[in-house]
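Descriptive analysis of the structure
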Amino acid sequence: MRRLRWLVLCALALGSLPAVAAPEPPQLGRLAEQQAVPLAELQAATAKAQLRQEILDTIARPWEAKPWHRYRPLFVTPERVRDGIAFWQRHADVLARAEQTYRVPASLIVSIIGIETFYGRQMGRHSVLDSLYTLGFHYPERSDFFAKEFAQLVLLAREEKWSLTQLKGSYAGAMGMGQFMPSSYRHYAVDFDGDGKRDLFSNPADAIGSVANYFAEHNWRWGESAVEPALIGLAPVDTLLEPSPDLKQRWAELAAAGVEITTPLAPDTPVKLLALEQADGPEYWVARHNFYVITRYNRSPLYAMAVHQLSQAIQDAYALQPQTSSPQPDLVAGRL
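First, a word on scope: everything that follows refers to the structure included in this document. (Residues numbered from 1 in each chain as written. Predicted model: local features only at pLDDT ≥ 70, side-chain atom pairs only at ≥ 80, totals over all residues. Heavy atoms only, no water.)

1. Re the overall build of the chain
Looking only at helices and strands, the chain has 16 helices and six strands in total. Going through the 336 residues of the chain one by one, you find that 50% of them count as buried. Across the chain, every contact between residues at least 6 apart in sequence was considered, and the portion connecting residues at least 24 apart equals 69%. Surface summary for the chain: the accessible area is close to 17100 Å², and the carbon and sulfur share equals 54%. (Helix = DSSP H or I, 4+ residues; strand = E, 2+ residues; numbered from the N terminus. Buried < 20%, exposed > 50% of the residue type's maximum accessible area, 1.4 Å probe, protein only. Contact = heavy atoms within 4.5 Å. Areas by Shrake-Rupley, 256 points an atom, 1.4 Å probe, with all protein chains shown as cover.)

Structure representation (structure tokens):
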């Protein structure tokens, strides 16, 4: 009995001791200087954050590692087309204003929001603070990027008067209907309905305007095709494919090698040859400037192609719906 009482007293005494703080990441001082964030604010944020093994496990299995024929059915689906039409119909006036303001097609805006969060229904369940802390300080492969976003989150929360521990998003720290990283939220989010707040979590108008602004700021070209199917003939494909999403080739190079597309291009047009793996072999596409712009949202060519194809499917289906008002004449040709 005495031993039991002694064990209970020891447990109570240990429970009353202050918790030992997690060690401060060694790069925190340098990060504070680089991102112009007071060190004390970063220290306070790391003290509230927790390392999440689930985040590390998830990022080790990215969807973009799948072949195209398995990746595409995750996003380009009848349900996303159907719900995309409904989203467009509910917000037709806002989307039309976004087109006019930013010269970015409504179908692209709808597609992005559809792929990222299923039109705002799936915005993520992870603590944004924990996600960025975990990836910024415990994921060496991309720690520089995520550590910067951790610092940007601290600044964003201060500016918007948010509680750091209440924010929910993706495992990678993206937030809101369009899944903006903190730096993108700070630089590209807009108050599109003029209510004095930039709310990408519950305000579709702000989400629509912000996605449009993002693409406008990355130099989307109105009315220009993003990507076209290609015939390769006897072209030496292995020497023409590049892993980088950058447009490092010129059309003259691909044409001289035997690649063919329908649209005539100037010889010096920047392009990229894509190979997307189908179940029975690769299919080939020639990507242009607007395709590259989509990869500024997500660097994966698979992602960019899914956005493109969903946007086209939504646009084609939406055009068949009864319209309550006519689009502006100068915007009719704004296909991706």
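2. Some remarks on the pattern of salt bridges
One pass over the structure, following the stated rule, counts 11 salt bridges. Its salt-bridge partner being Arg186, residue Glu159 comes within 2.5 Å of it at the nearest N-O pair. Taken together, the positions of Glu159 in helix α10 (residues 143–160) and Arg186 in helix α11 (residues 182–188) put the pair 27 residues apart, joining distant regions of the chain. Among the charged side chains, a network of salt bridges with common partners joins Arg221, Glu224, Glu228 and Arg288. (Salt bridge = Lys/Arg side-chain N within 4 Å of Asp/Glu carboxyl O.)

3. Here we look at the nonpolar core
Of all hydrophobic cores here, the largest spans 90 residues; its most connected members are Leu42, Ile109, Ile113, Phe150 and Phe215. Not counting residues up to four positions away in its chain, the partners in contact with Phe150 are Leu42, Ala45, Thr46, Leu129, Leu132, Tyr133 and Phe137. If you look at the next biggest cluster of nonpolar residues, it comprises 14 residues, including Val237, Ile261, Leu265 and Tyr284. (Core = buried A, V, L, I, M, F, W, Y, C linked by side-chain atoms within 4.5 Å.)

4. Focus: the packing of aromatic side chains
For the coordinates displayed, the defined rule picks out 20 aromatic pairs. Note on Phe118 and Tyr119: the rings are 5.9 Å apart at their centroids and 80° apart in plane angle, and the pair reads as edge-to-face. In terms of burial, Phe118 and Tyr119 fall into one category: buried. Counting every residue linked through ring pairs, the aromatic cluster contains Phe180, Tyr188, Tyr214, Phe215, Trp220 and Tyr297. Lying across the ring of Trp222, Arg103 places its NZ or CZ 4.9 Å from the centre. (Phe/Tyr/Trp six-rings, centres within 6.5 Å; stacked < 30°, edge-to-face > 60°. Lys NZ or Arg CZ within 6 Å of the ring centre and 35° of its normal.)

5. Points about the pairing of strand β5 (residues 270–278)
Relative to β5, strand β4 (residues 249–250) runs antiparallel, the two being bridged by two bridges. What sits directly across from Gln249, in β5, is Val271. Two elements, β5 and strand β6 (residues 281–287), share seven bridges in a ladder whose sense is antiparallel. Bridge pairing in β6 links Glu277 to Pro282. (Pairing = 2+ DSSP bridges.)

6. Details of the environment of Thr77
In this fold, Thr77 is placed in the loop between α5 (68–75) and α6 (78–90). Separated by 233 residues in sequence, Thr77 and Leu310 place their C-alpha atoms 7.9 Å apart. Of note is the side chain of Thr77, whose polar atom sits 3.1 Å from the backbone nitrogen of Arg80. (Polar contact = N/O pair within 3.5 Å; in protein donor to acceptor, adjacent residues only side chain to side chain.)

7. Regarding the pairing of β6
Within β6, five of the seven residues are buried, which leaves the element mostly enclosed by the surrounding structure. Between β5 and the antiparallel strand that follows it, β6, lie two residues.

8. Here we look at unusual backbone geometry
Even without a glycine there, the phi angle at Arg103 is positive, about 60°. In this fold, Arg103 is placed in the loop between α7 (92–102) and α8 (106–117). For Asn219, which is not a glycine, the phi torsion comes out positive at approximately 70°. For Asn219, the position within the fold is in the loop between α12 (204–217) and β3 (227–229).

9. Things to note about the environment of Ala255
Counting through the fold element by element, Ala255 comes out in helix α14 (residues 251–257). Counting along the chain gives 23 residues from Ala255 to Ile232, while the straight-line C-alpha distance between them is 9.4 Å.

10. Some thoughts on the sheet that holds β6
Judged by pairing direction, the sheet is antiparallel, and its four strands sit side by side in the order β3-β6-β5-β4 without closing on themselves. Each end of this open sheet is capped by a strand with a single partner; those strands are β3 and β4. In this fold helix α16 (residues 301–319) packs onto β3, β5 and β6, with an angle of close to 90° to the strand it touches most, β5. (Axes fitted to C-alpha atoms, helices over the stretch in contact; angles between N-to-C directions.)

11. Some words on α8
Between its terminal C-alpha atoms α8 stretches 17 Å, which fits the 16 Å expected from 12 residues at 1.5 Å a residue. By the criterion of burial, α8 is predominantly enclosed, with 11 of the 12 residues buried. Those residues of α8 that fall on the buried side of the exposure criterion are Ala106, Ser107, Leu108, Ile109, Val110, Ser111, Ile112, Ile113, Gly114, Ile115 and Thr117. Those residues of α8 hidden inside the fold are in contact with α5, α6, α7, α12, α15 (289–294) and α16. Trailing α8 by a residue or two, Phe118 shows a phi angle of about 50°, which is positive. (Expected span 1.5 Å × (residues − 1).)

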